[in-house]
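In case you want the letters, here they are:
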Amino acid sequence: MTKKVLMTLLEQKKYKSIHEVLSVYNPVDLAELLETLDAQNLAVVFRMIEKEKAAEVFAYMDNDQRQQLIDIFSMEETAELLDAMSADDAVDFLEDMPANVVTHLLEHIDWDTRSAINRLLQYPEDSAGSMMTVEFIELHRNMTVRQALDLIRKIGIDSETVYTCYVVERHKLEGIVTAKDLMIHDDTVTIAQLMTDQFICVHTTDDQEFVANQFRKYGLIAIPVVDSEGCIVGIVTFDDAIDVLTEETTEDMHKMAAMTSANEESYLKTSVFRHAKNRIVWLMILMFSATITGTIITRYEEAFATIPLLVSFIPMLMDTGGNCGSQSSTLIIRGLAVGELRFSDTLKIVWKEFRVAMLVSIALAAANGVRIFIMYHSAQMAIVIAASLILTVVVAKMVGCLLPIAAKKCRLDPAIMASPLITTIVDTCSIVIYFRIATIIFAL
């Protein structure tokens, strides 16, 4: 259904037809469709969606849409919506609400839901505890397959996932059983015979990025969350892990672009003022740091006056150095982010990047040296440019790989040692190298 068709049905007051179409719509697609409506029509259409699906659709909406509905809905309607949502989705929504509104809403929802939400709200932001859900299948080792399947049929509709079930005794997590195991074995087989005690779990205080990386590393569908005593308190599912990885990737991209903070809102919905605010601080720092390069250049005015051609090669050297540094830093930051590289690998990284730098620089130096000799018939100029390229590329590669590692060791985000900062440092180094070699070769 398109917005045009939906608006036509609304104008004709064919609410039954709208309800029938909405009932077969995917919640994600439905959220995208509702995004095109104004606040009043949004509320009208949203109320036509069946309760369970409406909760899913609400979870996929952006903050602006949610706020529009909350402004129109009564407190009772909002409370019903929270009751129907999974606990982790409800917490994500409530974290963006004013504290007094949250308190008022919690007073109107079911006691069990309120208890689960309150528990999740107590965990540190961006921790495994804050992103987990408490809705999972809990089995006991003395159950039979028949009893386990009966339990899944009874409570599975309210669980986040039924593909992995958790064997629990006195709140302690003892093992896991998959739905596949239950379906392919006889009804009389016990859970103790099927479960495996070799499983991956995380703790409530673990960082959410670490949790998400566990999914990527082990190919999990869900991962149990335990407290300090080994008691299971919830699970994290792969859809939440994907959300975290998306957020972290977006944050790293913003930092690598020298922006002070990541926006949770989309590009078009972020105000011009906020865009400028997020960019101007780093741009100001980088602008003033670039004056160092200018100061160095002014020290070699006599060299310019003697050989004006020297000036024309400055942009090429600076750009080449900056590009080489950015290439290395990007690979190292990515390796650190996914856990492929560690501080203990520093010497291996430096040795590898040095060899790469030598191969790259020799190729670039040879190509430029030949070009300059043919164009300007100056062997000295060709030697200056070739030697400067070799040293600049080597320095750039070393800076590009070492700065992110140093940041990680200092418990800083490696993304802050990103392209603009590395480029500024490399620019300064390349200018110093270039003019030192030029003054030596030309005896200036």
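Because the structure is a prediction, the values reported are computed rather than measured. (Residues numbered from 1 in each chain as written. Predicted model: local features only at pLDDT ≥ 70, side-chain atom pairs only at ≥ 80, totals over all residues. Heavy atoms only, no water.)

> So what exactly am I meant to see when it comes to unusual backbone geometry here?
Leave glycine aside and you will find that most residues have negative phi; peptide bonds, for their part, are mostly trans. Backbone geometry at Arg 170 places phi at a positive 55°, although glycine is not the residue there. Looking at the element boundaries, Arg 170 is found in the loop between β2 (164–169) and β3 (172–178). The backbone phi angle of His 377 is positive, close to 50°, even though this residue is not glycine. With respect to the helices and strands, His 377 occurs in the loop between α22 (346–376) and α23 (379–409). With a relative accessible area of 67%, His 377 lands in the exposed category. (Helix = DSSP H or I, 4+ residues; strand = E, 2+ residues; numbered from the N terminus. Buried < 20%, exposed > 50% of the residue type's maximum accessible area, 1.4 Å probe, protein only.)

> Please clarify how the side chain of Thr 161 should be interpreted in this entry.
With respect to the element layout, Thr 161 can be found in the loop between α12 (145–155) and β2. In terms of polar contacts, Thr 161 uses its side chain to reach the backbone amide nitrogen of Tyr 163, at 3.2 Å. (Polar contact = N/O pair within 3.5 Å; in protein donor to acceptor, adjacent residues only side chain to side chain.)

> Looking at this structure, I do not really get the nonpolar core. What am I missing?
The nonpolar side chains of a soluble globular protein tend to be buried with one another. Counting residues in hydrophobic clusters, the biggest one holds 58 residues, and the most contacted among them are Leu 34, Phe 46, Phe 58 and Met 61. If you tally residues by element for this core, the top one is helix α8 (residues 87–94), at 5 residues. Not counting residues up to four positions away in its chain, the partners in contact with Phe 58 are Phe 46, Arg 66, Leu 69, Ile 70, Leu 81, Met 85 and Phe 93. With 24 residues, the next largest nonpolar core counts Ile 296, Phe 313, Met 316 and Ile 433 among its residues. (Core = buried A, V, L, I, M, F, W, Y, C linked by side-chain atoms within 4.5 Å. Contact = heavy atoms within 4.5 Å.)

> Can you walk me through the sheet that holds β2 in this structure?
What links the strands of a sheet is backbone hydrogen bonding, and the strands pair in either a parallel or an antiparallel sense. Spatial ordering of the open sheet is given by β1-β2-β3, a layout of 3 strands whose pairing is mixed. Each edge of the sheet is formed by a strand with only one pairing partner; in this case those strands are β1 (138–139) and β3. Summarising the sheet, β1 and β2 pair through 2 bridges and their orientation is parallel. Opposite Glu 138, over in β2, you have Tyr 166 as the bridge partner. (Pairing = 2+ DSSP bridges.)

> Quick question: what am I supposed to make of a nonpolar patch on the surface here?
The grouping of Ile 280, Val 281, Met 284, Met 287 and Phe 288 at the surface amounts to a nonpolar patch, some 480 Å² of accessible area in total. Mapped onto the fold, Met 284 is located in helix α17 (residues 272–289). Judged by its relative accessible area of 38%, Met 284 falls in the partly exposed class. (Patch = residues over 30% accessible without salt bridge, like charges linked within 9 Å, V, L, I, M, F, W, Y side chains within 5 Å. Areas by Shrake-Rupley, 256 points an atom, 1.4 Å probe, with all protein chains shown as cover. Salt bridge = Lys/Arg side-chain N within 4 Å of Asp/Glu carboxyl O.)

> Can you help me understand the pattern of salt bridges in this one?
If charged atoms from side chains of opposite charge come close, those side chains can pair. In this structure the tally under the stated criterion is 5 salt bridges. Salt-bridge contacts for Glu 77 lead to Arg 47; the nearest nitrogen and oxygen are separated by 2.9 Å. You can see Glu 77 sitting in helix α7 (residues 75–84) and its partner Arg 47 sitting in the loop between α4 (39–46) and α5 (51–60), a full 30 residues away along the chain. For Glu 77, a relative accessible area of 28% puts it in the partly exposed group. On the basis of relative accessible area, Arg 47 is assigned to the partly exposed category, the value being 42%. Between Glu 340 and Arg 334 there is a salt bridge; the shortest N-O distance is 2.8 Å.

> Would you mind showing me how to read α5 here?
Helical periodicity: at 3.6 residues per turn, an α-helix aligns residues three or four positions apart in one direction. Here α5 has its buried residues at Lys 53, Ala 54, Ala 55, Val 57 and Phe 58. The inward-facing, buried residues of α5 abut α2 (15–23), α3 (27–34), α4, α6 (63–72), α7 and α8.

> Would you take a moment to explain a negative patch on the surface for this structure?
A cluster of acidic residues, Asp 92, Glu 95, Glu 125, Asp 126, Asp 207, Asp 239, Asp 243 and Glu 247, forms a negative patch at the surface. With 3 residues, helix α16 (residues 238–256) is the largest single contributor of residues to the negative patch. In this structure, Asp 207 sits in the loop between β4 (202–203) and α15 (208–218). Residue Asp 207 is classed as partly exposed on the basis of its relative accessible area, which comes to 40%. (Lys, Arg positive; Asp, Glu negative; His and termini not counted. Charge placed at Lys NZ, Arg CZ, Asp CG, Glu CD.)

> Just checking my understanding: could you explain the sheet that holds strand β6 (residues 232–237) for this structure?
Taken in spatial order, the 3 strands make up an open sheet running β4-β5-β6, and their pairing is mixed. Two strands in the sheet have a free side with no partner beyond their single neighbour: β4 and β6. Helix-sheet contacts for α15 involve β4, β5 (222–226) and β6, and the interaxial angle to β5 is about 140°. (Axes fitted to C-alpha atoms, helices over the stretch in contact; angles between N-to-C directions.)

> Quick question: what am I supposed to make of the environment of Ile 235 here?
Assignment of secondary structure puts Ile 235 in strand β6. Every residue in contact with Ile 235, bar those within four places of it in the chain, is listed here: Met 132, Thr 133, Glu 135, Phe 136, Glu 160, Thr 161, Tyr 166, Ala 222, Ile 223, Pro 224 and Val 225.

> Hey, could you run me through the side chain of Ser 329 in this one?
If you trace the backbone, Ser 329 turns up in helix α21 (residues 314–337). Judged by its relative accessible area of 0%, Ser 329 is buried. A distance of 3.0 Å separates a polar atom in the side chain of Ser 329 from the backbone oxygen of Ser 326.

> Would you take a moment to explain the environment of Thr 78 for this structure?
With respect to the helices and strands, the residue Thr 78 is situated in helix α7. By relative accessible area, which is 3% here, Thr 78 ends up buried. Each C-alpha atom, one on Thr 78 and one on Leu 105, is 7.5 Å from the other, the two residues being 27 residues apart in sequence. The residues touching Thr 78, leaving out its near neighbours within four places in the chain, are Ile 70, Phe 73 and Leu 105.

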